[in-house]
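# Overview (structure and organization)
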Amino acid sequence: MIKKILFLSTLCYGCSLMAQVKITGVVINSDIQRPVSGAVISLKNTSIQTISDKNGNFKIESPLPVDSLMVKMGDIPLRTIAITKTEYNGLIIGLSSDELKNILTAPQITAPAKNSDTTTANTQTEIKSISPILADSLQSRNETNPFLKDSDSIKMKISGRLINADTQQPIPDAEIILGNTQNFASSDKEGYFYVESDEWVNSLGITTSDFPLKYVALEKGDNLNMEIKFSVNDNNETPNNTSGNQSSEQTLGVIEVVAFPKKRVPKKENPAYRILNELWKRRRTNGLTNFKNYQYKEYEKIEFDLNNVDSTFMSKKIFKKLNITSSDIDTLDVINGKTYLPVFINESITDIVGQNVPSKKEKEFLLGNKASGIPNNDIIANTVKNLYKDINIYDNTLNFFNKGFTSPVATIGFSVYDYLLVGVKDVEGVSCYHIKYRPRRDNELTFKGDLYITENTYAVREVTMQSTSGINVNFVKDIYMELSYDNVNDSIFIPLRNYTVLDMSLLSKKEGTKGMFAKRTISYENYKFDQPETEVESLINRQWDPISQGAYNKKDDFWADNRPERLGEDEIKAYELVDKVSKTKFFRNIVDGVQVISSGYINIGKAVDIGNLYQSFGFNTVEGLRLRAGARTYFTPNDMWRVEGYTAYGFKDQQFKYGAEARYMFNKFNRFTVGLGTKRDITQLGVSLTEDEGVMTRSFASSSIISRGDNDFLSSVNRTNAFLSIEPWKNFQIRLDGSYQYIKSANPEKFDIGYYDKNGNKKNELYDTHLTLSIMARPGAKYSRNGLDRYEHTSLAPTIILKYVKGFNGVLDSDFNYDKLQLLYSQPILWGPIGKTNVTFEFGKIFNKLPVSLLGVLPGNQSYGIIPNTFSQLDYYDFVTDIYSALHVEHHFNGRFFSYIPLLKKLQLREVVFFRGAWGDISDGAKSLNASSIAYRAPSKDIYYEYGFGVENIGFGNLRIFRVDFNWRGNYLDMPEVSKFGVKVGMQFTF
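Residues numbered from 1 in each chain as written. Predicted model: local features only at pLDDT ≥ 70, side-chain atom pairs only at ≥ 80, totals over all residues. Heavy atoms only, no water.

### Here's the deal with the overall build of the chain
The condition is simple: Helical segments are the DSSP runs of H or I of at least four residues, strand segments are the runs of E of at least two, and each set is numbered from the N terminus. Each residue gets one of three labels from its accessible area relative to the maximum for its type: buried under 20%, exposed over 50%, partly exposed in between, using a 1.4 Å probe on protein chains only. Residues are treated as being in contact if the distance between any of their heavy atoms lies within 4.5 Å. Note on areas: these come from Shrake-Rupley sampling with a 1.4 Å probe, and a residue is covered only by the protein chains present in the view.
Within the chain, the regular secondary structure consists of 13 helices and 55 strands. The proportion of buried residues among the 991 residues of the chain is 53%. A separation of at least 24 residues holds for 64% of the contacts in the chain among residues at least 6 apart in sequence. Total accessible area on the chain stands at roughly 45,400 Å², and carbon and sulfur atoms take up 54% of it.

### Here's the deal with the pattern of salt bridges
Worth spelling out the cut-off: For salt bridges, the criterion is a side-chain nitrogen of Lys or Arg within 4 Å of an Asp or Glu carboxyl oxygen.
Inspection of the entire model under this criterion finds 37 salt bridges. The salt bridge involving Arg497 is made with Glu482; its shortest N-O contact spans 3.9 Å. Placement of Arg497 in strand E30 (residues 492–504) and of Glu482 in strand E29 (residues 476–487) is noted, with a sequence separation of 15 residues between them. Judged by its relative accessible area of 10%, Glu482 is buried.

### A word on the side chain of Asp681
Using the following cut-off: Polar contact is the term for a pair of N or O atoms within 3.5 Å; when the atoms are in protein, one must be able to donate a hydrogen and the other to accept it, and sequence-neighboring residues count only if both atoms are side-chain atoms.
Structurally, Asp681 can be placed in strand E38 (residues 672–683). Polar contacts involving the side chain of Asp681 include one to the side chain of Arg626, which spans 3.0 Å. A polar side-chain atom of Asp681 sits 2.7 Å from a polar atom in the side chain of Tyr646. Contact partners of Asp681, with chain neighbours within four places excluded, come to Glu623, Arg626, Tyr646, Lys657, Arg698, Ser715, Ser716 and Val717.

### Observations concerning the nonpolar core
Put simply, the test is: To define a nonpolar core, start from buried Ala, Val, Leu, Ile, Met, Phe, Trp, Tyr and Cys residues and group those joined through side-chain atoms within 4.5 Å.
Counting 57 residues, the largest nonpolar core has Ile393, Phe400, Tyr419, Leu451, Val463, Met465 and Ile479 as its most contacted members. Counting residues per element, this core draws most heavily on helix H3 (residues 271–281), at 6 residues. For Ile479, the residues in contact, after removing those within four places along its chain, are Phe400, Phe401, Phe405, Phe447, Met465, Gln466, Ser467, Ile471, Val501 and Leu502. Ile743, Tyr755, Val852 and Leu855 belong to the second largest nonpolar core, which has 26 residues in total.

### Description of helix H10 (residues 569–582)
What counts, and what does not: Helices are assigned an expected span. That span is 1.5 Å times one less than the residue count.
For H10, spanning 14 residues, the distance from its first C-alpha to its last is 20 Å, which sits close to the expected 20 Å at 1.5 Å a residue. Within the sequence span of H10, burial applies to Ala574, Tyr575, Leu577, Val578, Val581 and Ser582.

### Description of unusual backbone geometry
With an omega of 5 degrees, the peptide bond between Val357 and Pro358 qualifies as cis. Residue Asn612 follows Gly611 across a cis peptide bond; omega there is 10 degrees. Assignment of secondary structure puts Asn612 in the loop between strand E33 (608–610) and strand E34 (617–620). Although it is not a glycine, Tyr458 adopts a positive phi angle of roughly 55 degrees. For Tyr458, a relative accessible area of 11% translates into the label buried. Even without glycine at this site, Asn894 takes up a positive phi of about 55 degrees. Within the element layout of this structure, Asn894 appears in the loop between strand E51 (883–892) and helix H12 (902–907). A residue is classified by how much of its surface remains accessible, and Asn894, at 8% relative accessible area, is buried.

### Considering a nonpolar patch on the surface
Here is the rule we go by: Two joining distances apply to patches: 9 Å for like charges and 5 Å for nonpolar side chains (Val, Leu, Ile, Met, Phe, Trp, Tyr), and every residue must have over 30% relative accessible area and no salt bridge.
Together, Val913, Phe915, Tyr947, Phe949, Phe962, Trp968, Phe981, Val983, Val985, Met987 and Phe989 make up a nonpolar patch on the protein surface, roughly 1,000 Å² of accessible area in all. The set of elements that each furnish at least two residues to the nonpolar patch consists of strand E52 (910–921), strand E53 (944–956), strand E54 (959–969) and strand E55 (981–987). A total of 4 residues in the nonpolar patch trace back to one element, the largest contributor, which is E55. Within the secondary structure, Val983 sits in strand E55. Val983 gets classed as partly exposed once you look at its relative accessible area, which sits at 32%.

### Digging into the pairing of strand E23 (residues 397–400)
Stated precisely, the cut-off is as follows: Here a strand pair is declared whenever DSSP counts at least two bridges between the two strands.
With 4 bridges connecting them, E23 and strand E24 (residues 403–406) associate as antiparallel partners. Each bridged residue has a counterpart across the sheet, and for Thr397 the counterpart in E24 is Thr406. Count of turn residues in the E23/E24 antiparallel hairpin: 2 residues, of which Phe401 carries a positive phi of about 60 degrees.

### Here's the deal with the side chain of Glu727
On the secondary structure map, Glu727 appears in strand E39 (residues 715–729). Within the local environment of Glu727, its side chain forms a polar contact with the side chain of Arg790, the two groups lying 2.9 Å apart.

### Concerning the environment of Phe914
Structurally, Phe914 is set in strand E52. Residues Phe914 and Tyr947, spaced 33 residues apart in sequence, show a C-alpha to C-alpha distance of 5.6 Å.

### Things to note about empty space enclosed by the protein
Keep this limit in mind: Two kinds of site are reported from a 1 Å grid over the protein atoms alone, namely cavities, where a 1.4 Å probe fits but cannot get out, and pockets, open sets with protein on both sides within 12 Å along at least five of seven lines, and residues are called lining when an atom falls within 4 Å of a point. Grid points are joined across faces, edges and corners, and a volume is the space filled by probe spheres set on the points. Under this grouping Gly is polar, as are all residues other than the nonpolar Ala, Val, Leu, Ile, Met, Phe, Trp, Tyr, Cys and Pro and the charged Asp, Glu, Lys and Arg.
Under the defined criterion, the tally for this structure stands at 10 cavities of 30 Å³ or more. Taken as a whole, the largest cavity holds about 400 Å³ of empty space. At the level of secondary structure, the elements contributing two or more residues to the lining of the largest cavity comprise strand E40 (732–745), strand E43 (765–777), strand E46 (799–807), strand E47 (818–830) and strand E49 (856–857). If you tally residues by element for the lining of the largest cavity, the top one is E47, at 3 residues. By residue class, the composition of the lining of the largest cavity is 12 nonpolar, 7 polar and 7 charged.

### Digging into the packing of aromatic side chains
The relative placement of two aromatic rings is captured by the distance of their centres and the angle of their planes. Put simply, the rule is: Under the pairing criterion, centres of Phe, Tyr and Trp rings, with the six-membered ring standing for Trp, must be within 6.5 Å; the plane angle then separates stacked pairs below 30 degrees from edge-to-face pairs above 60, leaving the rest tilted.
In total, this model carries 42 aromatic pairs according to the counting rule given. Where Phe365 meets Trp544, the ring centres are 5.6 Å apart and the plane angle is 80 degrees; that geometry is what we call edge-to-face. With Phe365 in strand E22 (residues 361–372) and Trp544 in the loop between helix H8 (533–540) and helix H9 (556–562), this residue pair connects regions lying 179 residues apart in the sequence. Both residues of the pair, Phe365 and Trp544, count as buried. Considering the side-chain rings of Tyr944 and Tyr972, the 6.4 Å spacing of their centres and the 45 degrees angle between planes classify their relative orientation as tilted. Here the residue Tyr944 occupies a position in strand E53, and Tyr972 occupies one in the loop between E54 and E55, the gap between them amounting to 28 residues.

Following this line, the structure appears as structure tokens:
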């Protein structure tokens, strides 16, 4: 018995030695992000203590279990930190003199080198961290991404709202971490948050910009719809549970929360500055532009979901019409605390081949496309695709919705963002600096998130970006992105993966509003560079028609073999639900309704479109009330031919008008197209310097309901046009038009277009036959569809048009022989935080004398509507020229200055400033022909100019479509009936 007692005693003693506490770490001052020397670290209920060295490092051990670590630094009172493990390697203890906070972070352990000669793996600690905040790393996308689907392993879901109890206002942009996990979230502008975990935890840690760290106790299971209140009088030592009752029995776990320092660290003293500065020195470019040629495979998945589909909404009759039953509820998933219903999924796999030398070319081979949810309709699919832009993280300005967001690695980043160096993390085997960033100011086009920059080469390996609360972008409540890159060498990177979620709503950004998620995953793989030139040239010159190649009819085994990742159970259920819903008549009616609103046409029998509905009504002084009806053939979005026409009737002049055109495309690869059309209609000439030769176009000025002054300057035009067009290179079009037109005044009593012929006789009508050669370039433009009418994605692509017009005297009774040269250049330019500028420049020269109907008229605008590239304070035919140049500059500040004014900030109004100028002259020869009621004047001595400002984004909720412009005329004020000031109103459906 004595031997057994001695044995058990010895065993217990040995066990106690095995359970001894070992802690190494570093103490930092969280306010200035600097190590603290001389801090006293001790173990509770023992006499064991140590002092941090000059680098803040310390080591402390105990042969007996302890439950608390105590730290004393200067005048800061003794702080106690809970110990829940027997060993901590690389603790970081951040102390703040402002808020008397103590923070304990998880250990960092560096594994022993693989080539170690020792047989025992001695774990070594390398303290490189400065101060972790919330999530230490993106160990897996399911842990940190608040927008991802649940998996079967999710055990807890926590949602709630943060409230300032003193003001009863929501607390936005608070950072919430769940227990000891890596799972975190941020509250939105209404204070709402959602976070989840695949393990049981008993506490939340919440840090805000105005309150000390707050702990909140959790019950086992889901903790939903919590209301957590903060007050300056809070005692945060006792956590509150979801019902508001105190709970002292639960033991809080170690919570990893360190806020950005209250006092902003000067740029050059911030350790993140050194890292970003090195990145700027080694600024990389996309590898696709740095090799002679390249090849890769691209996988893209787009999903379109209706969100906030709660139980109340589920009980409505709409779900019965959508054939959704209670058994389908489990397939409705949760993103950021919002239940959603998938309604559209599109997958595509594309091989891309390109070359940079000897000339730049690129060819896409769509191998497969699979759409589910919107049968025979690509309007929504293209709309969703149009939401996304390809971005280069190294650019100073990132393009989202054609608005300039400041990149987190922009060279101006320190004037826009706060940065916090968290530490060194392993990202898929690469050692990376982990830097947190957040915007310095609200309501700017910025992000918050994490940067992972490679330790040795200073390149972006991964980055997460989430928009801040209250983002001033219409229809968009939140943006979340994850970008991954591979770095080929010191100057080149290639993208690997891009995951994007847009949380959108049509009418309001308020929490709970029904909206949609637009999710996009795009992966790049199988990169090949500098392949044999002959092989690449052969591929680029290969003709590829995805329809005839069966890209839209691939079987399941194709997708199983070519997807970079297998579909998860939730994704398979989503496909099944989308297919089920899309077959219901109610859903098809919704889709058809969206198409009508988007296109303005109603499709009948998958053969004919009726419309355009938006052109059905009009009014002018000649026709009075004008009604118009039109139709076009429409079998599929990829039709190779189309016939369209319209008829209109004016109740004042009691005359019918008409127009018709037929087009046929012979070759979809070079888009060789021919067309023929004719029309007889009332038209406002002189509202565009660079006019379209087609017969189906009509200017807004011809039908404006309310106008400034009388518009008596309308013309009656009979025009017949034939054309052929070809694109020998991508986004480069050559078009030849042959046009014959007969022009006379539509209101002869008040508008005379007369001229003297070569015999000196006055003529009040003219015949004109001419050829027009047009060259149009749109470098960088992107399109969908492969048929006659393409869908253009919004972009920053410039438009360059060069036209030469040759008139032939005597051909089809034509009265004039002339030559005309025209140039147009237009481009939107992003300027990052200060907005976007739209620039349009036009130049023209007529080399012969012509009557007023064929001259270059500086386009006036007598309507009260905003018409692009016109002069708001000019009347029609105020200036007539045969040589001209015009410049239109319009800058959108996107609410940058209004955001500093409380009321305007709340209204989310945006500022616009603009300048318009023109110079021109009229020759004596043209003046000698003039027998019209128009007095020829040209701004030849001084450049005519006007200027002004506008307020856009006027409306309510998310529906902010109105704009008001205030225009001032700068000179030529001595002209008769001059308009010195004017107000214009317009509608624009923009983000």
